[in-house]
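# Summary of the model geometry
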Amino acid sequence: MAKQVLVACGAGIATSTVVNSAIEEMAKENNLKIDLKQIKIAEVGSYEDTADLLVTTAMTKKEYPFPVINARSFLTGIGVEDTRKQILEALKK
């Protein structure tokens, strides 16, 4: 079954598109089935029962029942490999 991955930024447009592409690529390279949802950070709550992972470039202090990975490194270019590893590990669980 595909894992539902939420990709969220403040507005759900620009920065999440960059992260979205990177996750799609990783999933293909590792033969992982994922269901990507590109959303605004404010919409995450409505996916609490279905999501397996949240990858976000926005700040979130809220606790969710799934792992939350900060993907700001995709924007800065610093620490991208570490973030990719974290995402992959979460997807393989």
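Here's a quick rundown of the structure. Every value quoted in this text rests on a predicted model; they were computed, and no experiment measured them.

Reading the values: the criteria
Residues numbered from 1 in each chain as written. Predicted model: local features only at pLDDT ≥ 70, side-chain atom pairs only at ≥ 80, totals over all residues. Heavy atoms only, no water. Core = buried A, V, L, I, M, F, W, Y, C linked by side-chain atoms within 4.5 Å. Buried < 20%, exposed > 50% of the residue type's maximum accessible area, 1.4 Å probe, protein only. Helix = DSSP H or I, 4+ residues; strand = E, 2+ residues; numbered from the N terminus. Expected span 1.5 Å × (residues − 1). Arc of directions from axis to C-beta. Contact = heavy atoms within 4.5 Å. Salt bridge = Lys/Arg side-chain N within 4 Å of Asp/Glu carboxyl O.

Before going further, it helps to examine the nonpolar core. Core analysis: the biggest nonpolar cluster contains 16 residues, and Val5, Val19, Ile23, Leu53, Val55, Phe74 and Ile87 have the highest contact counts within it. For this core, the secondary-structure elements that each account for two or more residues are β1 (3-9), α1 (14-29), β3 (53-56) and α3 (80-92). Core analysis: the next-biggest nonpolar cluster, separate from the first, contains ten residues, Leu6, Ile39, Leu54 and Ala58 among them.

What follows covers α3. The end-to-end C-alpha distance of α3, which contains 13 residues, comes to 18 Å, matching closely the 18 Å that a straight helix rising 1.5 Å per residue would cover. For α3, the complete set of buried residues consists of Thr83, Arg84, Ile87, Leu88, Ala90 and Leu91. Seen along its axis, α3 keeps its buried residues to an arc of 165°; they face one direction. Facing away from the buried side of α3 by more than 90 degrees, the exposed set consists of Glu81, Asp82, Glu89 and Lys92. Lining the buried residues of α3 we find β1, α1, β2 (34-40), β3, β4 (68-70) and α2 (73-76).

Throughout the structure, instances matching the rule amount to four salt bridges. Among the ionic pairs, Arg84 bridges to Glu29, the shortest N-O distance being 3.7 Å. Placement of the pair is Arg84 in helix α3 and Glu29 in helix α1, with a sequence separation of 55 residues. For Glu29, a relative accessible area of 53% corresponds to the exposed category. For Arg84, the salt bridge goes to Glu81, with nearest N and O atoms at 3.7 Å. Here Glu81 and Arg84 lie together in helix α3, a separation of three residues that amounts to about one turn. Residue Arg84 is classed as buried on the basis of its relative accessible area of 17%.

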